[in-house]
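# Topology and contacts: notes
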Amino acid sequence: MLMPSLSHHGRGLLFLFLVLVLAAAVASSRGDDDTYAVSACRSRPYLCGGVNISYPFYLASDDGESYCGYPGLAVTCDNNNNNNNRRPVLKLGGDSYTISGIDYANLTVSLADADAAGSSGCPVVDHNVTIPPAIRLSLILHSVDYLFFFAGCTFGPDAEPDPKPPKPPTIKPITCGDMDKPPADSMAFVLPRGEVPPGDWSTACRQVFEVPVLKSSVPSKDVAEDPVWRNDGYGEALRAGFLLGWDRSSGGRCGQCEQSSGKCGYSRAGEFAGCLCADGRVGDGGSCSKISADSSSALSWPGT
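Residues numbered from 1 in each chain as written. Predicted model: local features only at pLDDT ≥ 70, side-chain atom pairs only at ≥ 80, totals over all residues. Heavy atoms only, no water.

## Let's talk about empty space enclosed by the protein
Cut-off, in case you're wondering: Only protein atoms enter the 1 Å grid used here, on which a cavity is any set of points holding a 1.4 Å probe that cannot leave and a pocket is any open set flanked by protein within 12 Å on both sides along at least five of seven lines; residues with an atom within 4 Å of a point are listed as lining. Grid points are joined across faces, edges and corners, and a volume is the space filled by probe spheres set on the points. Counting from the N terminus, the helices are the DSSP runs of H or I reaching at least four residues and the strands are the DSSP runs of E reaching at least two.
All told, the structure shown has two cavities of 30 Å³ or more when counted by the stated rule. For the largest cavity, the calculated volume is near 70 Å³. As for the largest cavity, its lining consists of Tyr97, Ala112, Asp113, Val125, His127, Val129, Val211, Pro212, Leu238, Gly241 and Phe242. Counting residues per element, the ones that place at least two in the lining of the largest cavity are β9 (108–113) and β13 (205–214).

## Some points on the packing of aromatic side chains
What counts, and what does not: Stacked, tilted and edge-to-face are the three classes applied to pairs of Phe, Tyr and Trp rings, where Trp contributes its six-membered ring and a pair requires centres within 6.5 Å; stacked means planes under 30 degrees apart, edge-to-face means over 60, and tilted covers the rest. Partly exposed describes any residue whose relative accessible area lies between the buried limit of under 20% and the exposed limit of over 50%, with all areas from a 1.4 Å probe on protein chains only and scaled to the type maximum. Only when the NZ atom of a Lys or the CZ atom of an Arg is both within 6 Å of the ring centre and within 35 degrees of the ring normal do we say a charge sits over the ring.
For the structure on display, the rule yields 14 aromatic pairs. When the centroid spacing of 6.3 Å and the interplanar angle of 25° are considered together, the rings of Tyr67 and Tyr266 count as stacked. Of this pair, Tyr67 sits in strand β5 (residues 66–68) while Tyr266 sits in strand β15 (residues 263–267); the two residues are 199 residues apart in sequence, bridging distant segments of the chain. Geometrically, the ring pair formed by Phe189 and Trp201 is edge-to-face, given 6.3 Å between the ring centres and 80° between the ring planes. In this pair, Phe189 sits in strand β12 (residues 187–192) while Trp201 sits in the loop between β12 and β13, placing the two residues twelve residues apart along the sequence. The exposure class of Trp201 is buried, given its relative accessible area of 3%. One aromatic cluster is present, built from ring pairs that chain together Phe148, Phe150, Phe155, Phe189 and Trp201. Here Arg136 stacks its cationic end above the ring of Tyr70, 4.0 Å away from the centre of that ring.

## Focus: helix α3 (residues 227–240)
What counts is decided by this rule: What a helix should span is 1.5 Å times the count of its residues minus one. Contact criterion: two residues are considered in contact whenever any of their non-hydrogen atoms come within 4.5 Å of each other. We call two N or O atoms a polar contact when they sit within 3.5 Å, provided that within protein one can donate a hydrogen and the other can accept it, with sequence-adjacent residues counted only if both atoms are side-chain atoms.
Here α3 contains 14 residues, and its C-alpha end-to-end distance of 19 Å stays within 8% of the 20 Å for a straight helix at 1.5 Å per residue. Every buried residue belonging to α3 is among Trp229, Arg230, Gly233, Tyr234, Gly235, Ala237 and Leu238, and all of these are buried. As for α3, its buried residues are in contact with β9, α2 (114–117), β11 (144–153), β12 and β13. Looking at where α3 begins, the residue whose side-chain oxygen comes 3.0 Å from the main-chain nitrogen of Val228 is Asp226. Gly241, located one to two residues past α3, shows a positive phi value of around 75°.

## Details of the state of the cysteines
Put simply, the rule reads: Any two cysteine sulfur atoms within 2.5 Å of one another count as a disulfide.
For the structure on display, the rule yields six disulfides. There is a disulfide in this structure between Cys122 and Cys176, and the S-S distance comes to 1.9 Å. Between Cys122 and Cys176 the disulfide shows an S-S torsion of about -85°. By sign, it is left-handed. A residue pair is termed long-range when its members are at least 10 positions apart, and Cys122 in the loop between α2 and β10 (138–139) and Cys176 in the loop between β11 and β12 qualify at 54 residues. Judged by relative accessible area, Cys122 falls into the partly exposed class, the value being 26%.

Okay, here's the thing in structure tokens:
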């Protein structure tokens, strides 16, 4: 018995049906994998001021709605109006800090207040160091001491607008630059934490700030009356900066990603966006160990 032959129109419909079935099968075999521009995770270090900027740090200038790195570790390569003197800058709590070095083996980064680091004169501190909880950085406590800045201090019963406590006899004001010059009724002091006198005398100062510095940059004792310290010694301590460390992700989707040799991608809102793998793919299920053998994909990593 002869089968009736398909018309030209019928053969066209059958061909279209087979194409759709094949496309669905290929899409199913890919799972949820995407591809991304490999440049989103820099395989080569980006040098800014001699500092290697690599994962989990990333450049704030990277375009797109996503990035490869930890939230809050965006680095601006500031040329400071001089292309030959670029410096990497990291923001912490709205304040700028110059990066003097990143040790990827020991997971540490060296920072200094940007104003102090860029000054050869008499640095003035006008804020505390604040590390937002969302940023995965913390002070290396065994390496840190603290300096207290007391600014606008007026002492004694004749102080305006109200009488103030007397000045402790063991401390002397900063002499760097003109800081010990008029107004004579307003003095500034920089003291290591261990040499701050007890009592309520600090209420005579308009502002008090606390900043971390390296222990090695602070003399062991008798700083309060040391003329070298009061002139520029404290400035050298500020320019030496302080040390922060970060921990690799140990849990959650980013931890799973890094354990599979991937790198974590985040949206600009700080939400985990995908596990970025060395071959240019976004890992299935947040892990590079589940990548499909199919190396082709029509999807792109967001923002690239």
